[in-house]
Amino acid sequence: MNAEIADQLAAHLELSVHDIGICHACLSFVSFAIDKGDERDIRRETNRMTPDLWADGLDVPLKMALARAQERGVPNAGAALADVEERGPRSAIAKAVVRRLGAELADHAKGNLLTMGFEPWPRPELG
């Protein structure tokens with residue numbers, strides 16, 4: 001499976017950065033590279049962080065999302081699932097998902113800080 005097909009498939013998987021228990025600090029290396037826009041840096045950080053995120057718990061949600069996609073008839077989901085079973089974090093789909101989740105984290109970080117859990121200081125009720 002090539003990177004282009006993996007990227008297309010990753011966009012169709014039912015995964016959200018906030019629903020799976022992976023380390024956002026680790027993923028931030030990928031999201032910072034995405035913010036900079038340097039494709040070489042994005043690839044380097046994605047390749048570097050995917051095995052750590054895989055070990056941190058990405059493996060099960062990714063396999064489940066691929067199985068659900070295969071059941072829905074999403075093209076290439078079965079091949080990607082077989083690739084994940086064989087190559088784990090070195091698979092094209094694992095890297096594509098990490099990149100997608102990194103982009104999702106980067107987009108969210110640009111949002112309203114209050115929706116991200118930050119509270120104003122001083123807190124309004126303290127005057």
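Going along each chain's sequence as written, the residues are numbered from 1 onward. Local features in a predicted model are, by the rule used here, given only for residues with pLDDT of at least 70; side-chain atom pairs are given and counted only at 80 or more, and totals for whole chains, interfaces and linings are based on all residues. With hydrogens and water set aside, each side-chain value is computed from the structure's full complement of heavy atoms.

The subject of this paragraph is the pattern of salt bridges. Charged atoms that come close allow side chains of opposite charge to pair. A carboxyl oxygen of Asp or Glu within 4 Å of a side-chain nitrogen of Lys or Arg is what we treat as a salt bridge. Enumeration over the complete set of coordinates arrives at nine salt bridges. Note that E14 and R68 form a salt bridge whose closest N and O atoms lie 3.2 Å from each other. Taken together, the residues span a long stretch of sequence, with E14 in the loop between α1 (3–12) and α2 (24–36) and R68 in helix α3 (residues 39–71) at a distance of 54 residues. Put simply, D41 and R44 hold a salt bridge, and the shortest N to O gap is 2.3 Å. One end of the pair is D41 and the other is R44, both in helix α3 and three residues apart, which spans about a single turn. D41 gets classed as buried once you look at its relative accessible area, which sits at 9%. Residue burial is assigned from relative accessible area. The probe radius is 1.4 Å, only protein chains are included, and a residue is buried under 20% of its type maximum, exposed over 50%, and partly exposed in between. The partly exposed category is assigned to R44, whose relative accessible area is 47%. Each helix corresponds to a stretch of at least 4 residues labelled H or I by DSSP, and each strand to a stretch of at least 2 residues labelled E; elements are numbered beginning at the N terminus.

With that settled, the discussion passes to the nonpolar core. What we call a nonpolar core is a set of buried Ala, Val, Leu, Ile, Met, Phe, Trp, Tyr and Cys residues that are connected through their side-chain atoms within 4.5 Å. Counting 31 residues, the largest nonpolar core has L13, L27, L62, L66, I93 and V97 as its most contacted members. Every element with two or more residues in this core is listed here: α1, α2, α3, α4 (77–87) and α5 (92–109). Note on contacts: a residue pair is in contact if any heavy atoms of the two residues lie within 4.5 Å. Sequence-distant contacts of L27, defined by excluding residues within four places in its chain, comprise V17, I22, L53, V98, L101, G102 and L105.

Remark: α2 packs on α5, axes separated minimally by 8 Å, with the N-to-C direction vectors making an angle of 80 degrees. Between α2 and α5, the interaxial angle falls into the category roughly perpendicular. Contacts from H24, L27, S28, V30, S31, I34 and D35 in α2 reach V98, R99, L101, G102, A103, L105 and A106 in α5. Lys, Arg, Asp and Glu make up the charged group, whereas Ala, Val, Leu, Ile, Met, Phe, Trp, Tyr, Cys and Pro make up the nonpolar group; the residues left over, Gly among them, are polar. The residue inventory of the contact of α2 with α5, partitioned by class, reads eight nonpolar, four polar and two charged. In this analysis an axis means a line fitted to C-alpha atoms, helices contributing only their contacting stretch, and an angle means the value between N-to-C directions, from 0 to 180 degrees. An angle below 35 degrees is read as roughly parallel, one above 145 as roughly antiparallel, one from 65 to 115 as roughly perpendicular, and any other as oblique.

Here the phi dihedral of N76 falls at roughly 75 degrees; this positive angle occurs in a residue that is not glycine. When you line up the elements, N76 lands in the loop between α3 and α4. Residue class for N76 comes out partly exposed when judged on its relative accessible area of 38%.

Geometric descriptors of this kind do not, in isolation, establish any biological role.
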